[in-house]
Structures are given as structure tokens and as C-alpha cells.
Amino acid sequence: MSAILPSSASLYDRVRRLIPPIEWPVFASDIDAIHDLKRQRNAVILAHNYQTPEIFHCVADIVGDSLALARKAMSTEADVIVLAGVHFMAETAKLLNPQKTVLIPDLRAGCSLADSISAEDIRLLRQRYPGVPVVTYVNTSAEVKAESDICCTSGNAKAVVESLGVSRVIMLPDEYLAQNIAAQTKVQIIAWKGHCEVHERFTPADIRELRESHPGVTVLAHPECPPDVVAEADFSGSTAAMSDYVERQKPTRAVLMTECSMSDNVALQHPELEFIRPCNLCPHMKRITLANIRAALEQNQHVVSIDPEIAGRARLAVERMLAL
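The structure reproduced in this document is the subject of the present report. Quantities reported herein were computed from a predicted structural model and do not represent experimental measurements. (Residues numbered from 1 in each chain as written. Predicted model: local features only at pLDDT ≥ 70, side-chain atom pairs only at ≥ 80, totals over all residues. Heavy atoms only, no water.)

### Describing the packing of aromatic side chains
Stage number 1. A full pass over the atoms with the stated rule returns 3 aromatic pairs.
Stage number 2. What links up through ring pairs into an aromatic cluster is the set Y12, W24 and F27. (Phe/Tyr/Trp six-rings, centres within 6.5 Å; stacked < 30°, edge-to-face > 60°.)

In C-alpha cells form, the structure reads like this:
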């Protein structure tokens, strides 16, 4: 502990199982500065489950999956919101908090799903399928949300689809999420061919090899994984649902088929469990660091701005989801 700065010692206790004491001073100065800046600016940090442990456990005020962050963003009394996640998440926070300053620490923190579809694509889909409602995953830009009827997350997609009371919907942009939801409902789903670059790389062979190497392992897969991967898993759900499953079922040994930092963060919360980590890194999530969170607060840089007309229509699509 000699290398641990006194002001950060209590925070280090949260992550000591993953971060060696000799590495902590590299993080500690930024962590101390971020906490000071949050007090000075009346700011909060919202961090997605895929953020690294020193962010997730040491500076974040609100953590969770996309749905949890969207809901909790609406209730904060802070003047400034820093979104430790990717750009569409920061846009969603701005949609729900139009009067607040929303910062994204790195403008390059994008998303392969968000990049896979445009507002023009949706307009063309509506021409091809007139009258069919559009359900849009929150992993999309504000422009795409603005062309949609309602948004969904991986955790509530089935409920959203069935809430519309129709026999057919367009669900985009994640093809695999749409296929996995289609297997759970009688509603016909028209999918788009967008994929998450993290989850699309998992295969059923990966799971079979894991079971052979780690007998008795419980496999949890995100619904952005291909359907054959989900079929091989013991459980499939959003990042929040996976975390809840671990809390509730207490498997002796588990693997999360999702982004790497998710396993790290859940493992810190459950030191009694063994976590196997054949995960994939999200290069966009990993653009967010303590240093650029600090810089965003110090310099008020990378302020999220959305055209008011687009924001109004996009907000309606998100609010319809949250009202369910």
C-alpha cells in the first residue's frame, strides 16, 4: 500500500484484485482530480458496463446498461453529465436532458451498429414496407432514432415489439438481436444486417471449447451474439440481465460472452466466483480513459449537440420506450 495515495486508498480497495499497487499511482492522480472537478462543476459520470474497472468502480456515479443509463440520466440533478461510453449513449443522455451540458470524453468513441444504418435507410425501408412500424435499437444515432416509431434495448426488445400490437415490425439495426427476438415472439420481424463487431466474433465452437476446458462452466451470452451462439449458451440477456443472473444464481464458474470489461466489473462484485474470460474488446469503449474524462471536465470539451428538430423526434422514440 506504500504506493497508494492516501486520498485514493478507499477507492483502490474496490479494484485491488485487478490493478496491482505499483500501477495505482498512474490512475490515482486523475481519479482525485475527477472527483474534485465533479464537485466544482456539479457533474455526474454515467458509465456503461463495458468501461474499465478504474472508471466503472472509481469515478462513475451511475453505472449500468443502455436502458439503465437512459432511465437514470433523466433523474440526475447535475448540471453536467459526462458519458463514459460511446457516442450514441451521450446523444441519448442529451435527448433526455436537453437543458444540461453533456460531454463525451472522446468523439471517436463510435459504434459499428450505429454506423451500419442511416436515416435515409429507414426512409427507404418505410417505402418498401408501408405502414410497418420501426423499432430501433438505442445503439443508433439521433438521426436514426428520429425516423423511428419507438426505441428498444437488448433488455426490453421483446416487450417493445409486442407492445405495438401488430403482426409485423421492422427491427434494426442489429440482425442477430432481431433474429434472437424473433425466436421468442409470434411477431414477424424484418431485420437489418447490422452487427456488433464485439459480439459477432463469438462462435458455437468457442462455447464448446470452453465447456471442454472448464467443466461445469455456466455460459452467458449477449443477444447481439449470433443465434447459434445464443442457442449454445445457458442464458442470454442484456449486460444488466447477465449481471443479475450471476447475482441470483451464483454459478461456481461462469463466462460472459460479451465485452471484456464486463467480466472484470462483475468479477470484482463477486470475488467468490471464478470467471473465465475469452472476451472481445470494444475498441470504441476503450477510447474512454480517466485522462480524457478529466480533460473533458477541465476544458468543457466535446459537448454533445443535436439539431433541435431531430432531437424532438428522437426524444419521442426514446420516451415511448421508457414509458413501457
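### Some words on the sheet that holds strand β7 (residues 168-172)
Stage number 1. With parallel pairing, the 4 strands of this open sheet are ordered in space as β6-β5-β7-β8. At either margin of the open sheet sits one strand with a lone partner, and together these are β6 (150-152) and β8 (188-191). Between one strand and the next, the sheet's axes are offset by a mean angle of 35 degrees, whatever the strand orientation.
Stage number 2. Across 3 bridges, strand β5 (residues 134-137) lies against β6 in parallel orientation. Directly across from T136, in β6, lies its bridge partner C151.
Stage number 3. Taken strand by strand, helix α10 (residues 175-182) contacts β5, β7 and β8, and its axis lies near 170 degrees from that of β8. (Pairing = 2+ DSSP bridges. Helix = DSSP H or I, 4+ residues; strand = E, 2+ residues; numbered from the N terminus. Axes fitted to C-alpha atoms, helices over the stretch in contact; angles between N-to-C directions. Contact = heavy atoms within 4.5 Å.)

### Some thoughts on the sheet that holds strand β3 (residues 80-84)
Stage number 1. Taken in spatial order, the 4 strands of this open sheet run β2-β1-β3-β4, and their pairing is parallel. A strand with exactly one partner marks an edge of an open sheet, and here the two such strands are β2 (62-64) and β4 (101-103). The mean angle between the axes of side-by-side strands here comes to 20 degrees, regardless of whether they run parallel or antiparallel.
Stage number 2. Pairing analysis gives 3 bridges linking strand β1 (residues 43-48) to β2, with the strands arranged parallel. Bridge pairing in β2 places L46 opposite I62.
Stage number 3. In the packing of helix α15 (residues 290-299) onto the sheet, the strands contacted are β1, β3 and β4, and the crossing angle to β3 comes to about 160 degrees.

### So, the nonpolar core
Stage number 1. One finds W24, M171, I293, L297 and M321 to be the most contacted residues of the largest nonpolar core, which totals 93 residues.
Stage number 2. If you tally residues by element for this core, the top one is helix α16 (residues 308-322), at 7 residues.
Stage number 3. Not counting chain neighbours up to four residues away, the residues in contact with L297 comprise I34, L37, K38, R41, A43, V80, V82 and L103.
Stage number 4. By size, the runner-up hydrophobic cluster in this structure holds 13 residues, among which are F202, I207, A233 and M257. (Core = buried A, V, L, I, M, F, W, Y, C linked by side-chain atoms within 4.5 Å. Buried < 20%, exposed > 50% of the residue type's maximum accessible area, 1.4 Å probe, protein only.)

### Observations concerning the environment of K158
Stage number 1. As for its position among the elements, K158 is in helix α9 (residues 157-163).
Stage number 2. Separated by 120 residues in the primary sequence, K158 and K38 have C-alpha atoms spaced 37 Å apart.
Stage number 3. The contact partners of K158, leaving out residues within four places of it in the chain, are I181 and Q184.

### Section: α16
Since there are 3.6 residues in each turn of an α-helix, residues three or four apart along the chain are aligned in direction.
Stage number 1. With 15 residues, α16 extends 20 Å between its outermost C-alpha atoms, agreeing within 8% with the 21 Å of an ideal straight helix rising 1.5 Å per residue.
Stage number 2. Among the residues of α16, those classed as buried are I310, A311, A314, A317, V318, M321 and L322. All buried residues of α16 fall inside an arc of 140 degrees around its axis, so they share one side.
Stage number 3. Buried residues along α16 sit against α4 (66-73), α5 (87-96), α8 (142-146), β6 and α9.
Stage number 4. Where α16 begins, the capping side chain belongs to D307, and its oxygen is found 3.0 Å from the backbone nitrogen of E309. (Expected span 1.5 Å × (residues − 1). Arc of directions from axis to C-beta. Polar contact = N/O pair within 3.5 Å; in protein donor to acceptor, adjacent residues only side chain to side chain.)

### Observations concerning the pattern of salt bridges
Stage number 1. Evaluation of the coordinates by the stated rule reveals 19 salt bridges.
Stage number 2. Where E274 meets R253, a salt bridge forms, and the shortest distance between an N and an O atom there is 2.9 Å. Pair noted here: E274 is in strand β12 (residues 274-276) and R253 is in strand β11 (residues 253-257), with a separation of 21 residues, a long-range link.
Stage number 3. Using a relative accessible area of 35% as the deciding quantity, one classes E274 as partly exposed.
Stage number 4. Relative accessible area serves as the criterion here: at 21%, R253 is assigned to the partly exposed category.
Stage number 5. Where R313 meets E309, a salt bridge forms, and the shortest distance between an N and an O atom there is 2.6 Å. Of this pair, R313 and E309 both sit in helix α16, 4 residues apart, roughly one helical turn.
Stage number 6. Residue R313 is classed as partly exposed on the basis of its relative accessible area of 31%.
Stage number 7. Judged by its relative accessible area of 45%, E309 falls in the partly exposed class.
Stage number 8. Each of E120, R123, E147, E309 and R313 takes part in a single network of salt bridges with overlapping partners. (Salt bridge = Lys/Arg side-chain N within 4 Å of Asp/Glu carboxyl O.)

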